[in-house]
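Close look at the chain arrangement
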Amino acid sequence: MAEINDFLKYVDISELHEKICIFRNLDFKKLSYSEVQNEIQKVITFETANGDRSFLTPSTTTYPKGTSFYRVRTLSDTMYPLKEMRYVTDCWEPPAEIVNAGRLNKLNEPLLYTSPIDPVVAVEELGIPDNNLFSLIVYEAIEPINVVQIGLEYFTEGLSADERLKHRMIQDFLSHEFIRDVGEGTEYLYKISESIAKDYFDLPPWKQDAWCYPSVARKGSCNVCFRPTTRTKLKLVGVQMTSVIRQYEYYKFSVKMVATDSGNGSDLIFQQMSDEEQAKLFPDFEVLPA
């Protein structure tokens, strides 16, 4: 507590605001990864009695054992066996050689992006149109999942009103830059979010299994991203070949086929299931409010 109080007394609000404005006017397309890192550091660093310093208080939370996590993959064909969904490995993070830069990963760095609890978030993240068949991959936490939260919760205990404002401005800056909308042709902006996650919200593995951050596609919800070394706390439940229809405030899922591990740990086996069988395999899955 004393450390953050000591740091915040050197933070000047007008100077912080000016540095944020300068940062947002930078031409990130021309900046290297290390230059982006340096520019972020400039914003949140202030001269103190102990030299130039920055100080953050990442918040953490835990998803209990048994929590469901969802991932969506689009399908280029609907003929069985499916090209994109034939093996157990197809249900996890993609091979490094085909991985593009993303919100938390560099080029050729495979991470597992998921949405906890609510499958609708995963559907919206990929912008799945109504009636299009897609793969909804379902995982279950076999141990508690410890996550670092980016832009979701702020430490305020023991801070004065002035200190809370300064702390909130720094956190809001990082949160805003992390969840920037990135579209086709602006993928270079991922250098910002990836730098923020790895430089400021990356705790030792015994404290952190994944990152948790706000969903851009579905406000008020969140996503969870795992490294290959930490997603071992998840087990694959199965895959639903499904489509969705948005009906007023509801999302109606229509499951065509279900895929599970064939038993050899390598191949998926596809089958049609009764409602009762599906309910047993996916007990948390139901029509959810939008």
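As a starting point, this report considers the structure included with it. Please read all numbers here as calculations on a predicted model, not as lab measurements.

Looking now at the overall build of the protein chain. Counting secondary structure elements, the protein chain contains seven helices and 13 strands. Relative to the 2.2 N^0.38 estimate, which gives 19 Å for 290 residues, the radius of gyration of the protein chain is 21 Å and therefore close to what a compact globule would have. The buried share of the protein chain, reckoned over its 290 residues, is 48%. By sequence separation, contacts in the protein chain at least 24 residues apart represent 71% of the contacts at least 6 residues apart.

So, on to the packing of helix α2 (residues 13-24) against helix α5 (residues 161-178). Between α2 and α5, whose axes approach to 11 Å, the crossing angle comes to 5°. Between α2 and α5, the angle is such that the two are roughly parallel. Contacts between α2 and α5 involve Ile13, Leu16, His17, Ile20, Phe23 and Arg24 from the first element and Asp162, Leu165, Lys166, Met169, Ile170, Phe173, His176 and Glu177 from the second.

On inspection of all chains with the given rule, the structure shows 17 salt bridges. For Asp27, the salt bridge goes to Lys30, with nearest N and O atoms at 3.8 Å. Looking at Asp27, the relative accessible area reads 39%, which means it is partly exposed. Residue class for Lys30 comes out exposed when judged on its relative accessible area of 69%.

One ladder, built from nine bridges, connects strand β10 (residues 234-247) with strand β11 (residues 250-261); its direction is antiparallel. Residue Val244 lies in a different strand from β11, and its bridge partner there is Phe253. Pairing of β11 with strand β12 (residues 268-271), which is carried by four bridges, proceeds in the antiparallel orientation. Across the sheet, residue Ala259 finds its bridge partner in β12, namely Phe270.

For Ala210, the location among the structural elements is in strand β8 (residues 210-214). Using a relative accessible area of 1% as the deciding quantity, one classes Ala210 as buried. Taking the C-alpha atoms as reference points, Ala210 and Pro110, separated by 100 residues in sequence, lie 13 Å from one another. Contacts of Ala210, omitting those with residues within four sequence positions, involve Asn146, Val147, Val148, Val224, Cys225 and Phe226.

Our next topic: the packing of aromatic side chains. The relative placement of two aromatic rings is captured by the distance of their centres and the angle of their planes. The full count for this structure, using the stated rule, is seven aromatic pairs. Between Phe23 and Phe173, the ring centres sit 5.1 Å apart and the planes meet at 85°, which makes this aromatic pair edge-to-face. Of this pair, Phe23 sits in helix α2 while Phe173 is found in helix α5, placing the two residues 150 residues apart along the sequence. For Phe23, a relative accessible area of 1% puts it in the buried group. Between Trp92 and Tyr139 the ring centres are 4.8 Å apart and the planes differ by 40°, which places this aromatic pair in the tilted class. Of this pair, Trp92 sits in the loop between β4 (68-74) and β5 (112-116) while Tyr139 sits in strand β6 (residues 134-141), placing them 47 residues apart in sequence.

The subject of this paragraph is the side chain of Asp90. Mapped onto the secondary structure, Asp90 falls in the loop between β4 and β5. Buried within the structure, Asp90 lacks any salt-bridge partner; its nearest side chain of opposite charge belongs to Arg73, at an N-O separation of 4.3 Å. Filtering out sequence-adjacent residues up to four positions away, Asp90 remains in contact with Arg71, Arg73, Glu84, Met85 and Ile137.

Calculation rules
Residues numbered from 1 in each chain as written. Predicted model: local features only at pLDDT ≥ 70, side-chain atom pairs only at ≥ 80, totals over all residues. Heavy atoms only, no water. Helix = DSSP H or I, 4+ residues; strand = E, 2+ residues; numbered from the N terminus. Rg over C-alpha atoms; globule rule 2.2 N^0.38 Å. Buried < 20%, exposed > 50% of the residue type's maximum accessible area, 1.4 Å probe, protein only. Contact = heavy atoms within 4.5 Å. Axes fitted to C-alpha atoms, helices over the stretch in contact; angles between N-to-C directions. Parallel < 35°, antiparallel > 145°, perpendicular 65-115°, else oblique. Salt bridge = Lys/Arg side-chain N within 4 Å of Asp/Glu carboxyl O. Pairing = 2+ DSSP bridges. Phe/Tyr/Trp six-rings, centres within 6.5 Å; stacked < 30°, edge-to-face > 60°. Lys, Arg positive; Asp, Glu negative; His and termini not counted.

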